[in-house]
Number of protein chains: 2
Amino acid sequence: MSLYIEPIERLSEQFRRLPGVGKKSAVRMAFAVLELSSDDAKAFADAIIDAKSSVHMCSVCGNMTDGDVCAICADEERDRSVICVVEDSRDVVALERVREYNGLYHVLGGVISPMAGKSPSDLTIDMLLRRVADGTVREVIIATNPNVEGETTAMYISKLITPLGVKTSRLAYGIPVGGDLEYADEVTLNRALEGRREI
Amino acid sequence: MSLYIEPIERLSEQFRRLPGVGKKSAVRMAFAVLELSSDDAKAFADAIIDAKSSVHMCSVCGNMTDGDVCAICADEERDRSVICVVEDSRDVVALERVREYNGLYHVLGGVISPMAGKSPSDLTIDMLLRRVADGTVREVIIATNPNVEGETTAMYISKLITPLGVKTSRLAYGIPVGGDLEYADEVTLNRALEGRREI
């Protein structure tokens, strides 16, 4: 027998799918939803459906967008000769927060990881190579996370780009090794950008 | 300028309304929703709407139910001569987990708290008095939380019930003072039930 009535159990299970939410937190969240007004509960449900249906990959860089091309790719002021390659859209936000980098991005959608069943063909590497091949790109900064999978992916991409006559660089190890780009502070990220080295 | 695109910002804001969810966690949760399949995202949204629309107060005891009368009130095996009064439905679950108590419950829907603008008329006290007046009830155990508001509410209810010739008791102070009933362990709750004293 379950402890709570079925609609509450079912809603708790949904909250438990979210990162960092345990059993007790999930139940508290379900009860919090019951305390919302009907309009607010509907707004919550709609926000889930809307985000899921309207957000997709930018057709140029793989970043998340609700338009055809993301705001960064569409921005005429950005330096189109540099592309910074990151694992996911949250890393773009982390780097944008520094307000130092004015180039474009390329979002891989993950890293090469045999453990997680991710091979190069699951990432947007082909899209990246097509962008690099068009002649305007001078440098590709590979800002994958500083861990085994991130390094492997950086080396893999670098080996494909270098023959095209485009410089590849890697963020400096200002980022704590084994850490997560998303949680790095602005100063550390800025140092890492300044100290980037050619691969 | 917001850091994330609008649908993600909007979904994050919804998650931030939940207890214990900060800004970063909310963003992580929003991104986790984007990684769900469309069917799973729909199931999540539906669970919110369903819980909000199907869950309401038991017409007898004020507990949460998706039927007319909650499972405990409907259960013929329960001892109808004892009513345990609690603040909310989660407290019912906490006490049910002990598997010692076989009486009925009454869910107040809060406690008397001038600070939070809750007066006795905002609680289900009238419903409780009607239940007690019908003659089958022998004892009312007042299991509000052991803090100032909980004690005040217990005294208030006790003063209304004692003239009706029904015994009122309070959970023993096995529960840590200032604590929250919902987080008490089974053994502590059991001690508290056994050691209840007449008011």
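Let me begin by describing the structure that accompanies this report. (Residues numbered from 1 in each chain as written. Chains lettered and ligands numbered in written order. Predicted model: local features only at pLDDT ≥ 70, side-chain atom pairs only at ≥ 80, totals over all residues. Heavy atoms only, no water.)

1. Let's talk about the overall build of chain A
Next up, step 1: A tally of regular secondary structure across chain A gives 8 helices and 7 strands.
Next up, step 2: In terms of overall dimensions, chain A has a C-alpha envelope of 65 × 35 × 35 Å along the principal axes.
Next up, step 3: Of all 199 residues assigned to chain A, the portion counted as buried reaches 49%.
Next up, step 4: Partitioning the intrachain contacts of chain A with sequence separation of at least 6 by distance along the chain shows that 55% fall at a separation of at least 24.
Next up, step 5: Carbon and sulfur atoms make up 52% of the accessible area of chain A, which amounts to about 9500 Å² in all. (Helix = DSSP H or I, 4+ residues; strand = E, 2+ residues; numbered from the N terminus. Buried < 20%, exposed > 50% of the residue type's maximum accessible area, 1.4 Å probe, protein only. Contact = heavy atoms within 4.5 Å. Areas by Shrake-Rupley, 256 points an atom, 1.4 Å probe, with all protein chains shown as cover.)

2. With respect to the relation of the copies chain B and chain A
Next up, step 1: It takes a turn of 180 degrees to lay chain B on chain A, together with a shift of 0.0 Å along the axis; the resulting RMSD is 0.0 Å. The two molecules are tied by a two-fold rotation axis, judged by turn and shift. Taking C-alpha positions as the reference, the residue of chain B nearest the rotation axis is Ala-45 of chain B, at 2.1 Å.
Next up, step 2: A symmetric contact is evident, with 100% of the interface residues of chain B recurring at the interface of chain A. (Least-squares fit on C-alpha atoms with pLDDT ≥ 70 in both.)

3. Describing the interface of chain B and chain A
Next up, step 1: Tallying the contact residues gives 47 residues for chain B and 47 residues for chain A.
Next up, step 2: Summed over both sides, the interface of chain B with chain A buries roughly 4900 Å², with 70% coming from carbon and sulfur.
Next up, step 3: Together, Arg-28, Lys-52 and Arg-90 of chain B form the three largest contributors to the area buried by chain B at its contact with chain A, with a combined 14%.
Next up, step 4: At the boundary of chain B with chain A, the tally comes to 6 salt bridges.
Next up, step 5: Across the salt bridge formed by Asp-40 of chain A and Arg-17 of chain B, the nearest N and O atoms sit 2.8 Å from each other.
Next up, step 6: Mapped by element, the contributors of at least two residues to the side of chain B that touches chain A are α1 (6–16), α2 (23–35), α3 (38–54), β2 (64–65) and α5 (89–96) of chain B. (Buried area = accessible area lost by both parts, 1.4 Å probe. Salt bridge = Lys/Arg side-chain N within 4 Å of Asp/Glu carboxyl O.)

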